[in-house]
Amino acid sequence: NIGDEWFFYRDFSYYLINGYYDSVLNGISIPLMLIAKIIFFFTSNISISLRLANSIMVLLMFIYLLNRENLIVKKDKLSFLFFICLIIGTAGGTFYGTNDSFYSLGLLIILCECYLFYKHNTYNHILLILSFTLCILSRPHWIINIPLIIICCMIFNFIQNKWSFK
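Throughout what follows, the structure given in this document is the object of discussion. Model, not experiment: these values are computed from the prediction.

## Quick look at the packing of aromatic side chains
Counted by the stated rule, this structure contains three aromatic pairs. With a centroid separation of 6.2 Å and an interplanar angle of 15°, the aromatic rings of phenylalanine 12 and tyrosine 15 are classed as stacked. Taken together, the residues phenylalanine 12 and tyrosine 15, both in helix α1 (residues 5-25) and three residues apart, mark about one turn of the helix. One aromatic cluster in this structure is built from Phe12, Tyr15 and Phe40.

So, in structure tokens, the structure goes:
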């Protein structure tokens, strides 16, 4: 097992033995376990199942970025490169059986949809709700990151609209 994969290997073993309900009570990353279980059905190898589930999420990040309308336009190439750079850290961990890419995919979609809202005044409600759900279900770090994103959006809105406290 590579890096933190040991913890997720242990969690997935617990999930396979005890099921969904007990896993939720123990705070195990449910999105990772659900996808890894589907893969486990075909591979019967815990480590490979975890790694393939992580790889699928990294692939979905690239698919999202390449297919999302209004994200790749000539004026916004710098922003697109910024979003690609966010993936690099996760893509390096593709071969680890952790839930890093699940959380990163959720955050990436939240950031992109917020960016599109401010840049083009459009966003995908369903993708935004699903990405918030993915973040919340995959890691407890959402308690720190999501409020920060919301606060940054509020500050950006305040600056952009030149609102004042008067």
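Here the narrative resumes, following the displayed structure.
## Some details on the nonpolar core
With 22 residues, the main nonpolar core has Phe12, Leu32 and Leu50 as its most contacted residues. Of all the secondary structure elements, the ones that give two or more residues to this core are α1, α2 (30-43), α3 (46-67) and α5 (100-120). By residue number, the principal contributor to this core is α3, which donates eight residues. In this view, leucine 32 contacts Phe8, Leu50, Ala53, Thr98, Asn99 and Phe102; residues no more than four positions away in its chain are not counted. Listed in part, the nine residues of the second largest apolar core include Tyr103, Leu128, Ile146 and Cys153.

## Observations regarding unusual backbone geometry
Negative phi characterises most residues that are not glycine, and trans characterises most peptide bonds. Despite not being glycine, serine 44 has its phi angle at roughly 55°, a positive value. Structurally, the position occupied by serine 44 is in the loop between α2 and α3. Residue serine 44 is classed as exposed on the basis of its relative accessible area, which comes to 58%.

## Regarding a nonpolar patch on the surface
Residues Tyr20, Tyr21, Val24, Leu25 and Leu34 make up a contiguous nonpolar surface patch of about 540 Å² in total accessible area. Top element by residues in the nonpolar patch is α1. It accounts for four residues.

## What to know about α1
The first and last C-alpha atoms of α1 sit only 21 Å apart over 21 residues, clearly below the 30 Å expected at 1.5 Å per residue. Along α1, the sharpest change in direction is near 130° and occurs at glycine 19. Turning to α1, its buried residues number three or more, namely Glu5, Phe8, Asp11, Phe12, Ser13, Tyr15 and Ser23. Of the surrounding secondary structure, the elements contacted by the buried residues of α1 are α2 and α3. Positioned one or two residues after α1, glycine 27 has a phi angle of 75°, which is positive.

## Topic: helix α6 (residues 125-138)
Under the 1.5 Å per step criterion, the end-to-end length of α6 is 20 Å for 14 residues, consistent within 8% with the ideal 20 Å. Along α6, the residues that are buried comprise Leu128, Ser131, Leu134, Cys135 and Ser138. Buried residues of α6 fall within an arc of 125° about the axis and therefore sit on the same side. Of the exposed residues in α6, those oriented more than 90 degrees away from the buried face are His125, Ile126, Ile129 and Leu130. Taking the backbone nitrogen of isoleucine 126 as reference, a side-chain oxygen 3.1 Å away marks asparagine 124 as the first, capping residue of α6.

Rules behind the numbers
Each chain carries its own residue numbering, running from 1 in the written order of its sequence. In view of the model being predicted, local features appear only for residues whose pLDDT reaches at least 70, and side-chain atom pairs are presented and counted only at 80 or more, with totals across whole chains, interfaces and linings using the full set of residues. Neither water nor hydrogens contribute to the side-chain values; these are computed over all heavy atoms in the structure. Here the aromatic set is Phe, Tyr and Trp, taking the six-membered ring for Trp, and pairing holds for ring centres within 6.5 Å; pairs whose planes are under 30 degrees apart are stacked, those over 60 apart are edge-to-face, and all others are tilted. By the criteria applied, helices consist of DSSP H or I runs no shorter than four residues and strands consist of E runs no shorter than two, each listed in order from the N terminus. Buried Ala, Val, Leu, Ile, Met, Phe, Trp, Tyr and Cys residues that are joined via side-chain atoms within 4.5 Å together make up what is termed a nonpolar core. Buried residues are those whose accessible area, probed at 1.4 Å on protein chains only, stays under 20% of the maximum for their type, while exposed residues exceed 50% and partly exposed ones sit between those limits. Residues count as neighbours in contact if any of their non-hydrogen atoms are within 4.5 Å of one another. Here, patches come from residues exposed beyond 30% relative accessible area and free of salt bridges, joined within 9 Å for like charges and within 5 Å for nonpolar side chains (Val, Leu, Ile, Met, Phe, Trp, Tyr). With residues, only the protein chains shown are counted as cover, and all accessible areas are computed by Shrake-Rupley using a 1.4 Å probe. For salt bridges, the criterion is a side-chain nitrogen of Lys or Arg within 4 Å of an Asp or Glu carboxyl oxygen. Here the expected length of a helix is defined as 1.5 Å per residue gap, with one fewer gap than residues. Here the bend at a residue means the angle between the axes of two seven-residue stretches, the one that ends at it and the one that starts at it. Working note: the arc is built from the helix axis to C-beta atom directions. In protein, a polar contact means a hydrogen-donor-capable atom and an acceptor-capable atom, both N or O and within 3.5 Å, with residues adjacent in sequence counting only if both atoms are side-chain atoms; elsewhere, any N or O pair within 3.5 Å suffices.

All we've got here are geometric facts, nothing functional implied.
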